[in-house]
Amino acid sequence: MSKSTTLHAKLGSIELLLDVPSTGPGISKRKWHSVFITIYSSRAFLSLRPSTLAKHTNSTFISRTLSYSIVRVEPVSVPAINGFKADQKSLTELVKEKNFKELLELGGVEEVASALKTDAEHGINGDDAEDIACRHEAFGSNTYKKPLTQGFLHFVWEAFKDLTILILLGCAALSLGFGIKEHGLKEGWIDGGSICLAVILVISVSAISNYRQSRQFDKLSKVSNNLQIEAVRNGRRQVISIFEIVVGDVICLKIGDQVPADGLLLEGHSLSVDESSMTGESDHVEIRVTENPFLFSGTKIADGYGRMLVTLVGMNTNWGEMMSQISQDTSEKTPLQARLDKLTSSIGKVGLAVAFFVLVVMFVRYFTGNTEDENGNKEYNGSKTKSDDIINAVIGIVAAAVTIVVVAIPEGLPLAVTLTLAYSMKRMMVDNAMVRKLSACETMGSATTICTDKTGTLTMNQMKVTKFWLGKESVEEEAYSSISPYVLNLIQEGVSLNTTGSVYRPSLDSEIEISGSPTEKAILSWVVHGSKINMEEVVKSCSILHVEAFNSKKKQSGVLVKRKADNSIHVHRKGAAEMILAMCTSYYNASGIVKDMDYNEKMNFEQIIQGMAAGSLRCIAFAHKEVPAEEQVEGDQKVVLKEDGLTLLGLVGLKDPCRPGMRKAVEDCQYAGVNVKMITGDNVFTAKAIATECGILRPGQDMLEAVIEGVEFRNYTPEERMEKVEKISVMARSSPFDKLLMVQCLKQKGHVVAVTGDGTNDAPALKEADIGLSMGIQGTEVAKESSDIVIMDDNFASVATVLMWGRCVYNNIQKFIQFQLTVNVAALVINFVAAVSAGHVPLTAVQLLWVNLIMDTLGALALATEKPTRELMEKPPVGRTAPLITNIMWRNLLPQALYQITVLLILQFRGKAIFSVNDKVKDTLIFNTFVLCQVFNEFNARKLEKKNVFKGIQTNKFFMVIIAVTIVLQVVMVEVLKKFADTERLNWGQWGVCTGIAIISWPIGWLVKSIPVPEKPIFSYLKMKKNTHPRRTST
């Protein structure tokens, strides 16, 4: 870039910054404007001088005088982009490079806001669609390009890469080639083509299932990424989607929030940011208007609160660029999937062994001349046999063996887990639970303890001030006028200035709108409506010097303010009543007289607090102190708010009623063998009252052991904690560290722990727990990111629903394993016995692939989509190490498999004689009976323990549809696709026999469920025998 271009650009920037409206600028301002440009231009021209001299440094030529060019300096008009006096490039350089010097030269954050046509106080006009569109056009939207999602063909290719599928396709190709050569195209394609079509069908169904699951994850990802952000538009705080944010928006930030875009801090108090997601540095960065006002998308607010001006959005931010390159990982393996992979591998090895044995036996029988064709002739006659016939026979044998492997390997298990989890995630979303980590779905089914918050989870989080104590007197709302004006003014000042909420009134005729946390809204509403104050006037009468933001550890907040009327400085504190009371040495009575607070008086106030708490009220105290001149901090000294010698202004009691149905939800969990513990920051009396109301504490329970305070639990020795942790039902006045400590202790005791949390400081406990449950409404983004499941309505009843869904996932998987293993055992034994004795398998490759499709895919769809029932909550939690295949499952599947094997082997060896049919019809009868047995056995698999397998079947229409589809397709396979499936048509009588044999599986299932089984797993007895086997000892 040339010097003249640079100069032109700089002048343009200066003209932009010093832009003065054409109407009515003062003479002095215009002169200052002109002088500034002249001085800047002179310095810019002089900066060219060194480069001019540099050219002649080594030259003998000496100029008598320096030459100058006369340039007429005129204001450079900078073209406005869509009416904005700032462009994308300059904003990017300013913010991304943290160029504070340039920001000061521009005139500070306010000037940048002005250039973006933003009112720093009231934000942009959110109702002006044209303005929003202009901002989108000039600066882009707050979205990022996502990596291309994997298309359907990707999943087809993944399914195609399966080794057994490739071998089958190889066999099909050879069979196709030799078949056409021997029998011509008209007849020769049938065997090989049938296998090809069957394989394509299996691949297609598998690819469609995986593709749909991928789309499901994408949808859930969109929901989880759609954060709700608080923005100021038209002077009103309103919640908007993160994707609706535009450059120029004013965003409100508080502890735990994710910064939604790049920008500059307009105002903030004690604001520090965790930038580890961007920089990898764990240390928090302080953000100040006077030093470092730069905020970056994707970072988290670690402390404090403030308001920011959005300058960069979407792909123009580093976070957007990074997120556009990260694809959603849908290949996460859950613990259950890992266990199933091992089970699949074990069954697969057995299948391979059987298939190999069958292969060897069939080869031996063929080459020793012990096999015959359809006409009763030997298939192999040594050198007389054509090479094409030998190759065709070998291909048929290999295809049969490979198909046995296909059936033996339960590929449907991983698919069943995937389908169950995807279906459960979708249904849980309807039930107000958004799953962030797949493993949580199944782990929740094993939960033995739930540690829950009180506020908003057990209660409605709709707070209202119902009690107010001034001094030692309870003051009703109608008596507020009798309170000393001085004390009332102090209370109003403390509430209005020491808050993260806001009050907005569009006009005198409109309703007052209050925003903030439920506690802040309740207190603001009490002051605004109760004492009829004009909060805006109170705020304008003081300037805030320093803020100590509220967090769950301190349980209080403080503010240092300076009154503009007399320049006096005051400290206001608000927080948990006991905490504030401990800082006070005096109190105001209703007349405004300050009275000393000795030990007895303090005990009186503690009794007042306990009385309110026993009535399920949350107690908040207000205190005040005027800072004497000699104690005032000057210059750059660190401000520390007074924590002693305060004067108590008053106490308020906030009522937060329990959610309807909460007691039943807690009782349901307890009935299911899950212990519910309440961990709250409220005092012990409030905690005890709410816990009793919800059913966590029961009448007659030992309160000394069941109810504890966080500090007491913290101070126990490790041994004492481990001894008492299971007996604790309520922990009051707890810190996030106490919650973490309890989770660690419970896990050490062998519990599977679920924890609810909503604050930033809850993140360690949420991560430590087996299942972290964050709150969707009150939860901070930090808490949500640390959790496994987000409870969208903050309701404990939804936690109980998640527990039920977790058990449902596990139960559905067990149903499918039982169904699949029955088919596996029967298919392997039948093919093995038939191959060894008769020299050929009764079920062809195409038929076995069809059975594989029925049990792997359609069976998984039918059984994986069963909804949770109340029966699931009647059982104790499933342990971490409990076997997947229980004694009950073995009891159910072995008799069914034995029945199928017996019937089908009778058909194999005596079928021709019994029904007076040929081999082709006999094999069709075997195939048809085998498939129908699986269809009827699917009903048995619906209930592992209950005899009535039809109960609730009308609620699962999907199950009935799949059964109907399977039967229809089977009829088509037998009656229509004769050549494809290598079958013969059956008459009505033969169909009746097949159906009659298959339907007997129902009474068998009913009878075997009467057989009692030991609770201890069968294989544990084998382990015991191994362990108790006497060992030789050396002497």
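Every chain begins its residue count from 1, and numbering advances along the sequence as written. Owing to the predicted nature of the model, reporting of local features is limited to residues with pLDDT of at least 70; listing and counting of side-chain atom pairs is limited to 80 or more, with chain, interface and lining totals taken over all residues. For side-chain calculations, the full set of non-hydrogen atoms in the structure is used, while hydrogens and water are omitted.

1. Focus on empty space enclosed by the protein
Two kinds of site are reported from a 1 Å grid over the protein atoms alone, namely cavities, where a 1.4 Å probe fits but cannot get out, and pockets, open sets with protein on both sides within 12 Å along at least five of seven lines, and residues are called lining when an atom falls within 4 Å of a point. Grid points are joined across faces, edges and corners, and a volume is the space filled by probe spheres set on the points. This model, assessed by the stated rule, comprises 2 cavities of 30 Å³ or more. By volume, the second largest cavity amounts to about 50 Å³. For the second largest cavity, the full set of lining residues is Gln818, Thr822, Asn892, Leu893, Gln896, Asn937, Asn940, Gly1005, Val1008 and Lys1009. Going through the elements one at a time, α30 (796-838), α32 (887-915), α33 (919-941) and α37 (1001-1008) are the ones with two or more residues in the lining of the second largest cavity. Here a strand is any run of E in DSSP of at least two residues, a helix any run of H or I of at least four, and the numbering for each starts at the N terminus. It is α32 that provides the largest number of residues to the lining of the second largest cavity, a total of 3 residues. Gly is put with the polar residues, along with every residue not named as nonpolar or charged; the nonpolar set is Ala, Val, Leu, Ile, Met, Phe, Trp, Tyr, Cys and Pro, and the charged set is Asp, Glu, Lys and Arg. Its residues placed into classes, the lining of the second largest cavity shows 2 nonpolar, 7 polar and 1 charged.

2. A few points about the packing of aromatic side chains
Any pair of aromatic rings gets described here by the distance separating the centres and the angle formed by the planes. Working definition: a ring pair exists when centres of Phe, Tyr or Trp rings (six-membered ring for Trp) sit within 6.5 Å. Plane angles under 30 degrees give stacked, over 60 give edge-to-face, the rest tilted. Inspection of the entire model under this criterion finds 17 aromatic pairs. When the ring of Phe936 is compared with that of Trp1002, the centres are 5.1 Å apart and the planes differ by 75°; the resulting orientation is edge-to-face. Within this pair, whereas Phe936 is found in helix α33, its partner Trp1002 is found in helix α37, the two being separated by 66 residues in sequence. Where Phe950 meets Trp1002, the ring centres are 5.0 Å apart and the plane angle is 85°; that geometry is what we call edge-to-face. Here the residue Phe950 occupies a position in the loop between α33 and α34 (957-975), and Trp1002 occupies one in helix α37, the gap between them amounting to 52 residues. Members of the aromatic cluster, joined through ring pairs, are Phe936, Phe939, Phe950, Phe959 and Trp1002. Criterion for a charge above a ring: Arg CZ or Lys NZ at most 6 Å from the ring centre, at most 35 degrees from the ring normal. The ring of Phe84 carries the charged tip of Lys117 above its face, separated from the ring centre by 4.9 Å. The ring of Trp1006 carries the charged tip of Lys947 above its face, separated from the ring centre by 4.5 Å.

3. As for the UniProt feature "transmembrane region" (unreviewed entry) in the protein chain
Under the UniProt annotation, the feature "transmembrane region" (unreviewed entry) is placed at residues 163-180, 192-211, 347-367, 390-423, 821-841, 847-865, 958-976 and 988-1008. Secondary structure across residues 347-367 divides into 100% helix and 0% strand, with the first and last C-alpha atoms of the span separated by 30 Å. The annotated region residues 958-976 carries 95% helix and 0% strand content, and the separation between its end C-alpha atoms amounts to 26 Å. UniProt positions are given in the numbering used here, feature names are shortened, and annotations may be inferred rather than shown by experiment.

4. Observations regarding the packing of α32 against α33
Angular values range over 0 to 180 degrees, each being the angle between N-to-C directions of two axes fitted as lines to C-alpha atoms, with helices fitted over their stretch in contact. Where α32 contacts α33, the two axes come as close as 9 Å, and the packing angle between them is 160°. Looking at the two axes, α32 sits roughly antiparallel to α33. Two packed elements cross with a definite hand, and for α32 against α33 that hand is right-handed. From α32, Gln896, Gln900, Val903, Leu904, Leu907, Gln908, Gly911, Lys912 and Phe915 reach across to α33, where they touch Asp919, Lys922, Asp923, Leu925, Ile926, Thr929, Phe930, Cys933, Gln934, Asn937 and Asn940. Here the contact of α32 with α33 is composed, by residue class, of 8 nonpolar, 8 polar and 4 charged. Convention used here: angles under 35 degrees read as roughly parallel, angles over 145 as roughly antiparallel, angles from 65 to 115 as roughly perpendicular, and any remaining angle as oblique. When the near helix sits turned anticlockwise from the far one by under a right angle, the crossing is termed left-handed; a clockwise turn instead gives a right-handed crossing. Throughout, a contact is declared for two residues whenever any of their heavy atoms are within 4.5 Å.

5. A few points about the packing of α33 against α34
For the pair α33 and α34, interaxial distance at closest approach is 11 Å and the crossing angle is 175°. Comparing their axes, α34 and α33 come out roughly antiparallel. Contacts from Thr924, Phe927, Asn928, Val931, Val935, Glu938 and Phe939 of α33 reach α34 at Phe959, Met960, Ile963, Thr966, Ile967, Gln970, Met973 and Val974. Residue composition of the contact of α33 with α34, grouped by class: 10 nonpolar, 4 polar and 1 charged.

6. Comments concerning a positive patch on the surface
Residues with no salt bridge and a relative accessible area higher than 30% make up the patches, which join like charges within 9 Å and nonpolar side chains (Val, Leu, Ile, Met, Phe, Trp, Tyr) within 5 Å. Using a 1.4 Å probe, the Shrake-Rupley method yields the accessible areas, and only the shown protein chains count as cover for residues. The rule for a salt bridge is simple: a side-chain nitrogen of Lys or Arg has to be within 4 Å of a carboxyl oxygen of Asp or Glu. Think of it this way: Lys and Arg go in the positive column, Asp and Glu in the negative one, and His and the chain ends go nowhere. Lys charges are placed at NZ, Arg charges at CZ, Asp charges at CG and Glu charges at CD. A cluster of basic side chains, namely Lys146, Arg212, Lys219, Lys222 and Lys426, defines a positive patch on the protein surface. Ranked by residue count, the leading element in the positive patch is helix α10 (residues 190-225), at 3 residues.

7. Section: the environment of Ser206
With respect to the secondary-structure elements, Ser206 resides in helix α10. As a C-alpha pair, Ser206 and Glu158 span 48 residues in sequence and 9.4 Å in three-dimensional space.

8. A short note on the pairing of strand β20 (residues 646-655)
Relative accessibility thresholds used throughout: buried, under 20% of the residue-type maximum; exposed, over 50%; partly exposed, between the two (1.4 Å probe, protein chains only). Most of β20 is tucked away, with 9 of its 10 residues classed as buried. Here strand β10 (residues 464-470) pairs with β20 via 5 bridges, running antiparallel. Bridge assignment links Val465 to a residue of β20, and that residue is Leu654. Whether two strands pair depends on DSSP finding at least two bridges between them. Both strand β17 (residues 584-588) and β20 contribute to a ladder of 3 bridges, which runs parallel.

9. Description of the side chain of Arg733
Mapped onto the elements of the fold, Arg733 is located in the loop between β23 (730-732) and α27 (736-748). Polar contacts, as counted here, are pairs of nitrogen or oxygen atoms within 3.5 Å of one another; within protein the pair requires one atom able to donate a hydrogen and one able to accept it, and residues that are adjacent in sequence qualify only if both atoms are side-chain atoms. At 2.5 Å, the side chain of Arg733 forms a polar contact with the side chain of Glu578. Sequence-distant contacts of Arg733, that is, excluding residues within four places in its chain, are made with Lys555, Ala576, Ala577, Glu578, Met579, Thr680, Gly681, Asp682, Asn683, Glu709, Gly710 and Asp738.

10. Here's the deal with the sheet that holds strand β22 (residues 707-709)
With respect to topology, 8 strands assemble into an open sheet ordered β8-β26-β25-β24-β9-β21-β23-β22, the strand pairing being mixed. Unpaired on one side and paired on the other, β8 (433-435) and β22 mark the two borders of the sheet. The sheet shows a mean angle of 20° between the axes of neighbouring strands, direction not considered. Taken together, the 3 bridges between β8 and strand β26 (residues 789-791) define a ladder with antiparallel strand orientation. Counterpart to Met434 in the pairing with β26 is Val790. Each of β21 (675-679), β22 and β23 touches helix α23 (residues 684-694); the most contacted strand, β23, lies at about 150° to it.

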